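Structure at a glance
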Amino acid sequence: MEKTTIKKLLGDYKKLIHHDITVQGWVRAFRSNRFIALNDGSTINNLQIVVNFEDFSEELIKNIHTASSLKITGELVESQGSGQSIEVLAKKIEILGDNFFEEMQTTILQPKKHSLEKLREQAHLRFRTNLFGSVFRIRHAVSFAIHQYFNQNEFFYLNTPVITGADAEGAGEMFGVTNFDLNNLPKNEEGEIDYEQDFFGRKTNLTVSGQLEGETAAMGLGRIYTFGPTFRAENSNTTRHLAEFWMVEPEVAFNDLEDNIDLAEDFLKYVIKYVLENCKDDLAFLDNRFAEEQKTKPEKDRAKEGLIEKLENVIEKRFKRVSYTEAIEILLNSKENKKGKFQFPIENWGTDLQSEHERYLVEKHFESPVVLFDYPKDIKAFYMRQNEDGKTVAAMDVLFPGIGEIIGGSQREERYELLKTRMQEMHVDEKELWWYLDTRKFGSVPHAGFGLGLERLVLFVTGMSNIRDVIPFPRTPKNAEF
Ligand code: 4AD
Ligand code: MG
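Residues numbered from 1 in each chain as written. Chains lettered and ligands numbered in written order. Predicted model: local features only at pLDDT ≥ 70, side-chain atom pairs only at ≥ 80, totals over all residues. Heavy atoms only, no water.

A tally of helices and strands in the protein yields 15 helices and 16 strands. Taking the principal axes of the C-alpha coordinates as reference, the protein spans close to 85 × 60 × 45 Å. Across the protein, contacts joining residues at least 24 apart in sequence account for 68% of those joining residues at least 6 apart. Carbon and sulfur atoms form 49% of the exposed surface of the protein, whose accessible area is close to 24,400 Å². Separation of charge centres in the protein, based on 61 positive and 78 negative side chains, amounts to 5 Å. (Helix = DSSP H or I, 4+ residues; strand = E, 2+ residues; numbered from the N terminus. Contact = heavy atoms within 4.5 Å. Areas by Shrake-Rupley, 256 points an atom, 1.4 Å probe, with all protein chains shown as cover. Lys, Arg positive; Asp, Glu negative; His and termini not counted. Charge placed at Lys NZ, Arg CZ, Asp CG, Glu CD.)

A few words on the side chain of lysine 269. Tracing the chain through its elements places lysine 269 in helix H7 (residues 257-278). The exposure class of lysine 269 is buried, given its relative accessible area of 17%. Polar contacts involving the side chain of lysine 269 include one to the main-chain carbonyl oxygen of lysine 317, which spans 2.7 Å. Excluding anything up to four places from it in sequence, lysine 269 contacts Val314, Ile315, Lys317, Arg318 and Phe319. (Buried < 20%, exposed > 50% of the residue type's maximum accessible area, 1.4 Å probe, protein only. Polar contact = N/O pair within 3.5 Å; in protein donor to acceptor, adjacent residues only side chain to side chain.)

Of note in the backbone geometry, asparagine 33 takes a positive phi value of approximately 50 degrees without being a glycine. Note that asparagine 33 resides in the loop between strand S1 (20-31) and strand S2 (35-39). The exposure class of asparagine 33 is partly exposed, given its relative accessible area of 39%. Here phenylalanine 254, not a glycine, exhibits a phi torsion of approximately 75 degrees, which is positive. With respect to the helices and strands, the residue phenylalanine 254 is situated in the loop between strand S11 (244-253) and H7. Accessibility expressed as a relative area gives 62% for phenylalanine 254, which makes it exposed.

As recorded in UniProt, the sites labelled "domain: Aminoacyl-transfer RNA synthetases class-II family profile" (unreviewed entry) are residues 136-472. Split by type, residues 136-472 is 37% helix and 19% strand. Its first and last C-alpha atoms lie 8 Å apart. (UniProt positions renumbered as here; feature names shortened; annotations may be inferred.)

The next thing to look at is a nonpolar patch on the surface. A surface patch of nonpolar side chains, about 370 Å² in accessible area, is lined by Val162, Ile163, Phe199 and Phe200. On the secondary structure map, valine 162 appears in the loop between strand S6 (156-157) and strand S7 (163-164). (Patch = residues over 30% accessible without salt bridge, like charges linked within 9 Å, V, L, I, M, F, W, Y side chains within 5 Å. Salt bridge = Lys/Arg side-chain N within 4 Å of Asp/Glu carboxyl O.)

Before going further, it helps to spend a moment on the packing of helix H5 (residues 130-152) against helix H15 (residues 454-462). Viewed as axis vectors pointing N to C, H5 and H15 meet at an angle of 120 degrees, and their least axial separation amounts to 10 Å. Taken together, H5 and H15 sit at an angle that is classed as oblique. The handedness of the crossing between H5 and H15 is right-handed. Mapping the contact onto sequence places Val135, Ile138, Arg139, Val142, Ser143 and Ile146 in H5 and Leu454, Glu455, Leu457, Val458, Val461 and Thr462 in H15. Looking at the contact of H5 with H15 residue by residue, the class counts come to 8 nonpolar, 2 polar and 2 charged. (Axes fitted to C-alpha atoms, helices over the stretch in contact; angles between N-to-C directions. Parallel < 35°, antiparallel > 145°, perpendicular 65-115°, else oblique. Left-handed = near helix turned anticlockwise from the far one by under 90°. Nonpolar A, V, L, I, M, F, W, Y, C, P; charged D, E, K, R; others polar.)

Turning next to the pairing of strand S5 (residues 86-95). Within a regular strand, the side chains alternate between the two sheet faces. Bridging between strand S3 (residues 47-50) and S5 involves 3 bridges; their strand directions are parallel. Within the sheet, the bridge partner assigned to isoleucine 49 lies in S5 and is valine 88. Where strand S4 (residues 69-78) lies against S5, 9 bridges are found, and the strand directions are antiparallel. From the neighbouring strand, isoleucine 72 faces S5, where its bridge partner is isoleucine 93. (Pairing = 2+ DSSP bridges.)

A few words now on the site of ligand 1. The immediate surroundings of ligand 1 are formed by 24 residues, with Glu169, Gln211, Arg232, Glu249 and Glu405 found nearest. Glutamine 211 places a polar side-chain atom, nitrogen or oxygen, 2.7 Å from a nitrogen atom of ligand 1. Contacts to ligand 1 include glycine 453, whose backbone N or O atom sits 3.2 Å from an oxygen atom. Against a free-state accessible area of 630 Å², the protein chains account for coverage of 93% of ligand 1. Of all the secondary-structure elements, those providing two or more residues to the shell around ligand 1 are S11, strand S15 (404-411) and strand S16 (447-453). No other element matches the 5 residues that S15 contributes to the shell around ligand 1. (Near = heavy atom within 4 Å.)

This brings us to the pairing of S4. By the criterion of burial, S4 is predominantly enclosed, with 8 of the 10 residues buried. For S1 and S4, the ladder comprises 7 bridges, and the chain directions are antiparallel. Considered in S4, the bridge of tryptophan 26 is made with serine 69.

Our next topic: the sheet that holds strand S13 (residues 370-376). Read from one edge to the other, the open sheet built from 8 strands follows the order S6-S10-S11-S16-S15-S14-S13-S12, with strand pairing classed as mixed. The outermost strands of the open sheet, each flanked by one partner alone, are S6 and strand S12 (320-323). Two strands pair when backbone bridges link them, and S15 and S16 are joined in this way by 5 bridges, in the antiparallel orientation. Bridging from a neighbouring strand, glycine 408 pairs with glycine 451 of S16.

Glancing now at H15. With 9 of 9 residues buried, H15 is to be regarded as a mostly interior element. When we look at burial in H15, the residues that qualify are Leu454, Glu455, Arg456, Leu457, Val458, Leu459, Phe460, Val461 and Thr462. Positive backbone phi, at 75 degrees, marks glycine 463, one or two positions downstream of H15.

Next up on the list: the environment of methionine 464. Within the element layout of this structure, methionine 464 appears in the segment after H15. Between the alpha carbons of methionine 464 and glutamine 110 there is a distance of 22 Å; along the sequence they are 354 residues apart. Apart from the residues lying within four places of it in its own chain, the contact partners of methionine 464 are Leu116, Leu131, Val135, Arg289, Leu459, Asp469 and Val470.

Here it is in structure tokens:
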């Protein structure tokens, strides 16, 4: 007998009607000792199993509860009841493993509404819930679509190191990597820790970005992208930050800033469209959840559009493209700024934008995703290409409703002398990054790239509001359980 997933069965059952089939899964509900709603994770939809209790021992029936794991063989028939197209008339039921009934009552597996905080405390069990099933199936679809997009567009998937000596962003937010005995650190003559004796013979850390290595590869392969875990020891306990997140970083030889923005827009739209077309059941569930959640909010904080509607609008409209200078004008003249409604008031050209400013531009002013470009050079990283005005660099950030920054990127400084000078000005160690500078010596070309935070995109697509709920095992300050 063929084992099948519930998704396959529900999608294509016609030829199996009146055949015996075998399914395996977990009990979501057991009504009247007669109807089991079985779920195997392949889809949000359950399969109804009809149990005629005269056919089974009392002992077996007594041991079937919510969360029990079962293997069931039975005849597939068209359903008599409403609410499902097919059901299985059970002939054989096998309980596959333990289910500690008493303990189950205190877990999130107990079928009732649980807070997201409680679901997070039991992150190892949350895959069994409808909500997290949908979120993680969609996370998979997003990742798959990302690879598909780049493959179709002739990019090569490049794996950059997790352990590195470089601080690509120059922000110093790194987790060190060492195999020293921390209670007995070797010191050099100056009394400083002697990293020459460490595993790699130098100071190393977990990567904050694969960009610099990615650039070296783009200087030979042309179009590459990285897709891997990224680590930042920034102590920001927000709903948008993780200490470990996944970043996608394309890098393209011969692209300028405008090409880079075009790529980012096309890429985001492709992935969102893919999810709209391929995750209909999960999106319908999340759309409903999103609508329910809005009802609990005060009128003024409610989203103007439903989740699916929001996704459809994003793929239809052209993103607004606005220079940093224009954005500052808009913010300076905004009612919010004049009335002191921003936590960080905008005072002058040159200040860095906070999430509240980004969201004002996207949600209130333009009511559209916005791409900001040409930022002041002093608030951006050393590798960005300097513009003619001497004040700005060819940077770009894509800002999304409800999220703020989802992508950050730039055209890169390909001119050796200018890059070297900028590194000196910004105290970036030339000796550490000799190999990066080297790529500007032998056939340097204009090039550009960006980084997408995977979790921020998954947040947007699922309508969840906390980034901890879209990564299976979140790492945040004071939290590395599981
Ligand atoms: O803007 P960022 O810092 O850019 C870079 O790292 C560049 N090297 C990218 C490049 O040009 N190749 O980060 C890129 C994106 C952000 O826009 C955001 O979506 C995400 O990464 N991100 C985070 N996501 C979750 N938690 C954090 N702590 C994040 N920091 C950045
Ligand atoms: Mg950024």
